[in-house]
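Secondary and tertiary structure notes
If you want the building blocks of each chain, they are given just below.
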Amino acid sequence: MSRLSHSSDGDGALSCTPEPRLITGPDAPIPIQSAFQKSDASGVLHLATDLLREELPASLAWVREWGCLFVSRLCQVREAERVGVPEEKSLRRILLMAPPMPGAEYLSESLLSRIWERMQGEVAALAREHPEGLEGWLKERHSQWHLVGRVTFHLAENKRSEAHPFAFLATYSDQVSASGRIQHLPLGRALQTYADQKDQAALESLLRPVRAAAEQSALVRGWLETRQLFKALAWTPQEAFLFLREIPRLEACGLVVKVPDWWKGRRPARPVVSVEVDAPASGGLGVDAMLSFRVQLALEGTPLTPEERQQIQAAASGLVNLRGQWVEVDPERLQAALAHWERIQAAQGAGSISFHEGMRWLSGFSESGARDSTAAAPDLDSGRHWAEVVAGKHLQEVLHQLGESAEIGAIAGFLAELRPYQKRGVAWLDFLSRLGLGACLADDMGLGKTLQLIAWICLRKFRKTPGASAPGILVVPASLLGNWMREMARFAPDLRVLVGHPSASDRELLGALESDPTRVLHSYDALLTTYGVLQRSEALRTVDWDFAVLDEAQAIKNPATNQARAVKKLRARVRIALTGTPLENRLGDLWSLMDFLNPGLLGKASDFAEAAKRMTASAEGYAPLKRLIAPYLLRRLKTDRRVIQDLPDKTEMRAEAFLTKKQAILYGKLVEQLKADLNDPQLNPRERRGLVLSYLLKLKQVCNHPSQWSGDGRYEPDASGKFLRLGEIASELAERQERCLVFTQFREMTGPIAAYLAEVFGRPGLVLHGGTPVGARARLVEAFQQPGGPPFFVLSVKAGGTGLTLTAANHVIHFDRWWNPAVENQATDRAFRIGQKRNVLVHKMVCPGTIEERVDALLQRKGALAEDLLSGGEGAEKLLTEMNNAELLDFVRLDIHSVEMENSASR
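Values in this document were obtained by computation on a predicted structure and should not be read as measured data.

Turning our attention to the overall build of the protein. The secondary structure content of the protein amounts to 36 helices and 27 strands. When burial is assessed residue by residue, the protein has 54% of its 907 residues classed as buried. In the protein, 71% of the contacts between residues at least 6 apart in sequence involve partners at least 24 apart. When the accessible surface of the protein is split by element, carbon and sulfur atoms take 50% of a total near 39400 Å².

Set out below in structure tokens:
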């Protein structure tokens, strides 16, 4: 089966949706797209039969392996209904081999099992419809699967003979017994049976896989020529070993092979070079600690005795009876592996390695492209079948704690009740930080990463963690600065947090922070700042921080940017990254993030790129890399009820969108114009009400986009804080293959929003507003509800806010607010209704420092009374028209300190 070396950043040919379901990308060949549009099972079958020998991108080649395994077993049992789902070990192996792809986080054992079961049903239906049944269908799809037969080769132990301790017999099956079991008869009997029946065609069909095997194997060819294949044979260990080596070829030709049950994986055990890596027994393990390692020969974890080693050295390659069981030995390869690791041990001097190096050895990941056997870096690829790296007792305990961190109790200074999974997250952060290891908390959006991080800071501060007296730094996108300020003030009011940003601190304080950061920060627990500020500040990169936290850490995914370089110059005892974007989609992003969290773990960027190429062609795929990063990555999904059982079905979040400079100028001018117009003494109450409503509309338009107010039709994304924030949210959804509804009260905004989102998602979505024909609405809804359908649906609140069922989306974004809770809730319920199987996240966009923020605060203050106060279609607008001039102007004024005034580079 051929493989291609594709980009380590994923090939985009295949992706997985949250349902979950496998879908193809737009660049996949049309026949493949058509097959996957029918169902992911149809697509996998298409790859495993029609495209068995075709070169495919890594993602399609990976899933084809699953289809090939299904068809192989189908050929053995000959009935689709009897092709049982493979054992859990096989499912895990396939998942570990998966290459990067969009939605890789949704790949699961249950998905593979579902595809397998659907392949059973589809093949059964296809076989029933085909004039020649299953055999005809197999022949039609690909000759590799054509009529592989029912011939079975059996190898069994023969304890009655020391000279010939193994027995071989070839059998065939031609009927099912009354008990429902397949009856196996000696293959030699088939010659007589079919001769008596004068059915040469049946005999040819039966022996066809045997003849195919003879073309591939000199061993089988010799058996056929001497007719030994049709007899029971007594074999020496060497003869049995030669047969074992041929098993992959025999099975590829469609033969069924059965060996003793006590050979795990249908192969005998092997003595191997066991490299045990262990942590210091006294504790104190950390990223700077040195791990010990020792090299020895072992069989299934137990060291070999001198007598056993001598017995192996004296034996020829093949099978040897050791400890009462038959094991495979190759003295030459075993000695070569031992010599290799002994050279490594000698080169290391005292037999110790760094923590990162030990983790690489254990995972089987080699970042170096060098193959110099005299170098100190081991070759983890070649000879791996004759060597294994295992964790010693003390290191095993540490690794177990990394995976199963104990829950924590009450946290001093923290004023929130954490859910069980959040407590585990805080405990996990605490454990890794005490070891000095970088940690990436990659929980799904809406699971409370911010809350867990704030709890961890409180735990670290009030427990008097050594070194925690120094301040920490939190680097966040400018659009999330206000959210962090509110969350920290609400849940950890005792934390002393300095906000290093022009929107929250005066110029004098920021100047002092730049000139003498140590003096300014000595009375604070943490500095909260943005990526833009950090990029411009040399002083902040000279501070010895206790911790450095990156929120929305995908901001450093490109290591070549000035922003990423600035972040990686931070000096901190502990490094933590928060991101809701999966790290499995693009290997380049993963390297950059790990380079910040645990510098050196993945080696240099160039070496990592070479390692990625080797993984693409490796039998293990990306499994070593996934094993390596697993201890430093914690990701929980909202859909995983095994971990998260108490989430609300709907979570509402405020998405802050700071006005751009252009928006702020326009907004301020409108407020001044309103002030002048309100002072007109000729203005009667009715005219005044109309005037106020017109200005409220204009202010809303400016908050949305200057082009909506001006009508110039340009709608440049950089001109609107809401467009920029919408892009940030949508980018994360696109990474996770999740879909969203976007509501706006303005029909004219639906087109520009949809055009912008099409660029973010890389494919178009749908639009519905008052001008959409009634007959077309049902078709739009049906198209959106299809698995793998359009990624977004932009709707005007009036046209799409009621009556529709759009449960394919699990995110609802209110681009602009109706200012009436009942109307907004009705729109949200297009996704949050019967049929929705996932938690719904509601993003309510608000521009800080504007009328939008004050109306949002008003709605929250009123709480249960909001619906009564704002009842009727006019909502908050009616309330505002009844204010006096001073109250109204104060309500709509622009709070310049809350408005982001930086250029786009500071974001």
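Don't stop here, the text continues.
Moving on, we come to helix α29 (residues 747–761). Three- or four-residue spacings in an α-helix give side chains the same orientation, since the helix completes a turn every 3.6 residues. Taking 1.5 Å per residue, 15 residues should reach 21 Å; α29 reaches 22 Å between its end C-alpha atoms and fits that length. Among all positions in α29, only Met749, Thr750, Pro752, Ile753, Ala754, Tyr756, Leu757 and Phe761 are buried. Tucked inside the fold, the buried residues of α29 contact α26 (685–704), α27 (706–710), α28 (721–735), β23 (740–744), β24 (766–768) and β25 (792–796). Where α29 terminates, the next one or two residues include glycine 762, which has phi positive at roughly 80°.

Quick look at the sheet that holds strand β26 (residues 811–814) now. Pairing in this open sheet of six strands is parallel, and the strands run β22-β27-β26-β23-β25-β24 from one edge to the other. At either margin of the open sheet sits one strand with a lone partner, and together these are β22 (650–656) and β24. When strand polarity is set aside, the average angle formed by the axes of neighbouring strands in this sheet is 20°. Summarising the sheet, β24 and β25 pair through three bridges and their orientation is parallel. Looking at β25, one finds that leucine 768 is bridged to leucine 795. Against the sheet, helix α30 (residues 774–785) engages β23, β24 and β25, with an angle of about 145° to β24.

Moving on to unusual backbone geometry. Residue proline 20 is bonded to the preceding glutamate 19 through a cis peptide linkage, with omega at 0°. Checked against the element boundaries, proline 20 lands in the loop between β1 (14–17) and β2 (21–24). Although it is not a glycine, glutamine 737 adopts a positive phi angle of roughly 60°. Secondary-structure assignment places glutamine 737 in the loop between α28 and β23.

Attention shifts here to the packing of helix α25 (residues 661–678) against α26. Where α25 meets α26, the axes come as close as 9 Å, and the angle between the chain directions of the two elements is 175°. Comparing their axes, α26 and α25 come out roughly antiparallel. Contacts between α25 and α26 pair Gln663, Leu666, Tyr667, Leu670, Val671, Gln673, Leu674, Asp677 and Leu678 from the former with Arg688, Leu691, Val692, Tyr695, Lys698, Leu699, Val702, Cys703 and Asn704 from the latter. For the contact of α25 with α26, the residue count by class is twelve nonpolar, three polar and three charged.

With respect to the helices and strands, arginine 575 occurs in strand β20 (residues 571–578). Comment: no salt bridge for buried arginine 575; closest opposite-charge side chain is aspartate 595, at 7.6 Å. Separated by 2.8 Å, the side chain of arginine 575 and the backbone oxygen of leucine 570 make a polar contact. For arginine 575, the side chain forms a polar contact with the main-chain oxygen of phenylalanine 596, separated by 2.9 Å. Not counting the four nearest positions on each side in its chain, arginine 575 is found in contact with Leu437, Gly438, Ala439, Ala548, Lys568, Leu570, Phe596 and Leu597.

With 17 residues, helix α12 (residues 331–347) extends 24 Å between its outermost C-alpha atoms, agreeing within 8% with the 24 Å of an ideal straight helix rising 1.5 Å per residue. Burial in α12 covers these residues: Pro331, Leu334, Ala337, Leu338, His340, Trp341 and Ile344. Those residues of α12 hidden inside the fold are in contact with β8 (271–278), β9 (290–299), α11 (306–314), β12 (325–329), α13 (355–363) and β14 (387–391).

The next thing to look at is the packing of aromatic side chains. One pass over the structure, following the stated rule, counts 21 aromatic pairs. Summarising the aromatic geometry, the rings of phenylalanine 723 and tyrosine 756 are spaced 5.3 Å apart at their centres and angled 35° between planes, so their arrangement reads as tilted. Separated by 33 residues along the polypeptide, phenylalanine 723 in helix α28 and tyrosine 756 in helix α29 bring together distant segments of the chain. Of the two residues, phenylalanine 723 and tyrosine 756, neither departs from the other in class, the shared state being buried. One aromatic cluster in this structure is built from Phe153, Phe168, Trp223, Trp235 and Phe243. Here the basic side chain of lysine 698 rests over the ring of tyrosine 695, its NZ or CZ set 4.8 Å away from the ring centre. Over the ring of phenylalanine 784 we find arginine 739; its NZ or CZ atom is 5.1 Å from the centre of that ring.

What counts and what doesn't
Residues numbered from 1 in each chain as written. Predicted model: local features only at pLDDT ≥ 70, side-chain atom pairs only at ≥ 80, totals over all residues. Heavy atoms only, no water. Helix = DSSP H or I, 4+ residues; strand = E, 2+ residues; numbered from the N terminus. Buried < 20%, exposed > 50% of the residue type's maximum accessible area, 1.4 Å probe, protein only. Contact = heavy atoms within 4.5 Å. Areas by Shrake-Rupley, 256 points an atom, 1.4 Å probe, with all protein chains shown as cover. Expected span 1.5 Å × (residues − 1). Pairing = 2+ DSSP bridges. Axes fitted to C-alpha atoms, helices over the stretch in contact; angles between N-to-C directions. Parallel < 35°, antiparallel > 145°, perpendicular 65-115°, else oblique. Nonpolar A, V, L, I, M, F, W, Y, C, P; charged D, E, K, R; others polar. Lys, Arg positive; Asp, Glu negative; His and termini not counted. Salt bridge = Lys/Arg side-chain N within 4 Å of Asp/Glu carboxyl O. Polar contact = N/O pair within 3.5 Å; in protein donor to acceptor, adjacent residues only side chain to side chain. Phe/Tyr/Trp six-rings, centres within 6.5 Å; stacked < 30°, edge-to-face > 60°. Lys NZ or Arg CZ within 6 Å of the ring centre and 35° of its normal.

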